[in-house]
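# Structural overview for review
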Amino acid sequence: MNKILLRLGLLFVLGSWLVMGLASAEGENIAAEFEQLKTELEQEGVPPQDVNAVKKPATEMLKRGAKREELRNTIAGLSKKGMKGKELKNSVNSMNELVKDGEDPKVAGNIVSQAAHQAQAEGLKGKDLAARVHEAVRKRKTERAQLRKQWREREEKKKGEGFSEDAEEAVQEVGKGKGKGKGKGTQGK
């Protein structure tokens, strides 16, 4: 019994080291990915202090699967539209909020870029431009929340009716003659 416990304990410790090693490697990959993004942004003309200001939300989005190229395009685009410092950071934070909410990073970048483009076309700059971006992100988060609510209500209604999607599909298959029953049928008699 003691040997079994010792072996289980050893396996647990080894498994923990493996998991910690993988997490550390992932963290190193994300850090390297951000360093590459930082270099690319600076080459695009984004000041180093602005790149450093967006490090945290950019790193979080990279962890959530955002592509470096998409982030570069969005951040550089915002910078070229005149966003600097706090406004740039707030806009990238807004984009990160949308990604945290489950939005695809590419879609989140498009929403931010489009809002910034429209605001710039209206002559907005600085804080007003950042506020417009934040408002577009807030609107999209509200839309997503409403869609989730509708989906939950639909699922609850199905449960209340005693039908699940699997049961509904099974009924449709039986109606098409594709049931899974093993009945003897009367064909050929």
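Residues numbered from 1 in each chain as written. Predicted model: local features only at pLDDT ≥ 70, side-chain atom pairs only at ≥ 80, totals over all residues. Heavy atoms only, no water.

Another point: the overall build of the chain. When its secondary structure is counted, the chain shows eight helices and zero strands. Overall, the chain shows an N-to-C arrangement of helices and strands of α-α-α-α-α-α-α-α. Going through the 189 residues of the chain one by one, you find that 27% of them count as buried. In the chain, once contacts between residues fewer than 6 apart in sequence are set aside, the share between residues at least 24 apart is 63%. Working note: accessible area of the chain is about 13,200 Å², and carbon and sulfur atoms make up 53% of it. (Helix = DSSP H or I, 4+ residues; strand = E, 2+ residues; numbered from the N terminus. Buried < 20%, exposed > 50% of the residue type's maximum accessible area, 1.4 Å probe, protein only. Contact = heavy atoms within 4.5 Å. Areas by Shrake-Rupley, 256 points an atom, 1.4 Å probe, with all protein chains shown as cover.)

Attention now goes to the environment of Ala66. Along the chain, Ala66 turns up in the loop between helix 3 (55-63) and helix 4 (68-80). Using a relative accessible area of 8% as the deciding quantity, one classes Ala66 as buried. Residues Ala66 and Asn96 lie 30 residues apart in sequence; the distance between their C-alpha atoms is 9.9 Å. Those residues in contact with Ala66 that sit more than four places away from it in its chain are Met61, Leu71 and Pro105.

A few words on the environment of Gly82. Within the secondary structure, Gly82 sits in the loop between helix 4 and helix 5 (85-100). When its relative accessible area of 37% is taken as the criterion, Gly82 is described as partly exposed. A C-alpha to C-alpha distance of 9.7 Å links Gly82 and Leu124, two positions 42 residues apart in sequence.

Let us now look at the nonpolar core. The biggest cluster of nonpolar side chains holds 31 residues, and the ones touching the most others in it are Leu71 and Ile75. Looking at this core, the elements that each hand over two or more residues are helix 1 (2-43), helix 3, helix 4, helix 5, helix 6 (105-121) and helix 7 (126-160). No other element matches the six residues that helix 6 contributes to this core. (Core = buried A, V, L, I, M, F, W, Y, C linked by side-chain atoms within 4.5 Å.)

Bringing helix 6 into the picture now. Owing to its 3.6 residues per turn, the α-helix aligns residues three or four sequence positions apart on the same side. Its 17 residues place the ends of helix 6 24 Å apart at the C-alpha level, agreeing with the 24 Å of an ideal helix rising 1.5 Å per residue. Residues Pro105, Ala108, Gly109, Ile111, Val112, Ala115, Ala116 and Ala119 constitute the buried set of helix 6. Each buried residue of helix 6 sits inside an arc of 160° when the element is viewed along its axis, so together they form one side. Of the residues in helix 6, the exposed ones pointing more than 90 degrees away from the buried face are Gln114, Gln118 and Ala121. On its buried face, helix 6 sits against helix 4, helix 5 and helix 7. (Expected span 1.5 Å × (residues − 1). Arc of directions from axis to C-beta.)

This brings us to the side chain of Thr59. Among the structural elements, Thr59 can be located in helix 3. Once residues lying within four places of it in the same chain are set aside, the contact partners of Thr59 are Ile30 and Phe34.

Quick look at the side chain of Glu60 now. With respect to the helices and strands, the residue Glu60 is situated in helix 3. We classify Glu60 as buried; its relative accessible area is 19%. In this view, Glu60 contacts Asn96 and Lys100; residues no more than four positions away in its chain are not counted.

Residues of the chain with pLDDT of at least 70 account for 77%, and the chain-wide mean is 80. Note on residues 177-189: pLDDT under 50 across the span, and four contacts to partners over four residues away in sequence or across chains. (pLDDT = per-residue confidence, 0-100.)

Right, let's get into the pattern of salt bridges. Tallied over the entire structure, the rule returns 16 salt bridges. Its salt-bridge partner being Arg144, residue Asp101 comes within 3.3 Å of it at the nearest N-O pair. Remark: Arg144 occurs in helix 7 and Asp101 occurs in the loop between helix 5 and helix 6; sequence separation between them is 43 residues. Residue classification places Arg144 among the buried positions, given a relative accessible area of 17%. Across the pair Glu135 and Arg138 runs a salt bridge, and its minimum N-O distance is 2.5 Å. Taken together, the residues span about one helical turn, with Glu135 and Arg138 both in helix 7 at a distance of three residues. (Salt bridge = Lys/Arg side-chain N within 4 Å of Asp/Glu carboxyl O.)

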